[in-house]
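Analysis of the macromolecular model
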Amino acid sequence: MNPETHKQQLQELFPDEKFVYMQTRSLYPTEAKINIKRELTRLEIGHCFSLGMTGIKRSGEGVNITFDLQKASLNFQ
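Here goes a summary of the coordinates provided. (Residues numbered from 1 in each chain as written. Predicted model: local features only at pLDDT ≥ 70, side-chain atom pairs only at ≥ 80, totals over all residues. Heavy atoms only, no water.)

1. Side note on the overall build of the protein chain
The secondary structure content of the protein chain amounts to two helices and four strands. Starting at the N terminus and walking to the C terminus, you meet the elements of the protein chain as α-β-β-α-β-β. The contacts in the protein chain between residues at least 6 apart in sequence include a share of 50% that link residues at least 24 apart. (Helix = DSSP H or I, 4+ residues; strand = E, 2+ residues; numbered from the N terminus. Contact = heavy atoms within 4.5 Å.)

So this is what it looks like as structure tokens:
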């Protein structure tokens, strides 16, 4: 998934949260991290899996989620 689409999907899912894209050796960023300061619903967690979630950790104020953009896919109809 390209970073622009991924960023748009994350902004729709978590409009008030900030996230960071990290550059690896490739031309496009392939990893993103977001810190969410609240608990997630099951629907949000399911959507995170379709956005390529590879890790989730509980932090003091909420959760930290790591995404792999190469594993992300959305089904548009």
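Alright, that's what it looks like, and here's the rest.
2. A closer look at the pattern of salt bridges
Taken as a whole and assessed by the stated rule, the structure comprises two salt bridges. Note that Glu44 and Arg38 form a salt bridge whose closest N and O atoms lie 2.8 Å from each other. The residue Arg58 makes a salt bridge to Glu39 at a minimum N-O spacing of 2.8 Å. Placement of the pair is Arg58 in strand β3 (residues 53-58) and Glu39 in the loop between β2 (31-36) and α2 (42-50), with a sequence separation of 19 residues. (Salt bridge = Lys/Arg side-chain N within 4 Å of Asp/Glu carboxyl O.)

3. Concerning helix α1 (residues 3-13)
In an α-helix there are 3.6 residues to a turn, and that puts residues three or four apart on one side. Listed in full, the buried residues belonging to α1 are Pro3, His6, Gln9, Leu10 and Leu13. Along the axis of α1, the buried positions cluster into a sector of 130°, meaning they face one direction only. For α1, the exposed residues lying more than 90 degrees away from the buried face are Glu4 and Glu12. (Buried < 20%, exposed > 50% of the residue type's maximum accessible area, 1.4 Å probe, protein only. Arc of directions from axis to C-beta.)

4. Thoughts on the environment of Leu51
Mapped onto the elements of the fold, Leu51 is located in the loop between α2 and β3. You can call Leu51 buried: its relative accessible area is 0%. As for Leu51 and Asp68, which are separated by 17 residues in sequence, their C-alpha atoms are 7.9 Å apart. The contacts of Leu51, once residues within four sequence positions are left out, are Met1, His6, Gln9, Leu10, Leu13, Phe67, Asp68, Ala72 and Leu74.

5. Observations concerning the side chain of Glu44
Note that Glu44 resides in helix α2. Accessibility expressed as a relative area gives 12% for Glu44, which makes it buried. Excluding its chain neighbours within four sequence positions, the residues that come into contact with Glu44 are Leu13, Phe14, Arg38 and Glu39.

6. Remarks on the nonpolar core
Taken as a class, soluble globular proteins show a tendency for nonpolar side chains to be buried jointly. Membership of the largest hydrophobic core comes to 16 residues, with the highest contact counts inside it found for Phe14, Ile34, Ile36, Cys48, Ile65 and Phe67. Elements supplying a minimum of two residues to this core: α1, β2 and β4 (63-68). Residue contacts for Ile65: discarding those within four places in its chain leaves Ala32, Lys33, Ile34, Ile36, Leu40, Cys48, Met53, Gly55 and Ile56. (Core = buried A, V, L, I, M, F, W, Y, C linked by side-chain atoms within 4.5 Å.)

Read these as layout, nothing more, since geometry by itself doesn't imply function.
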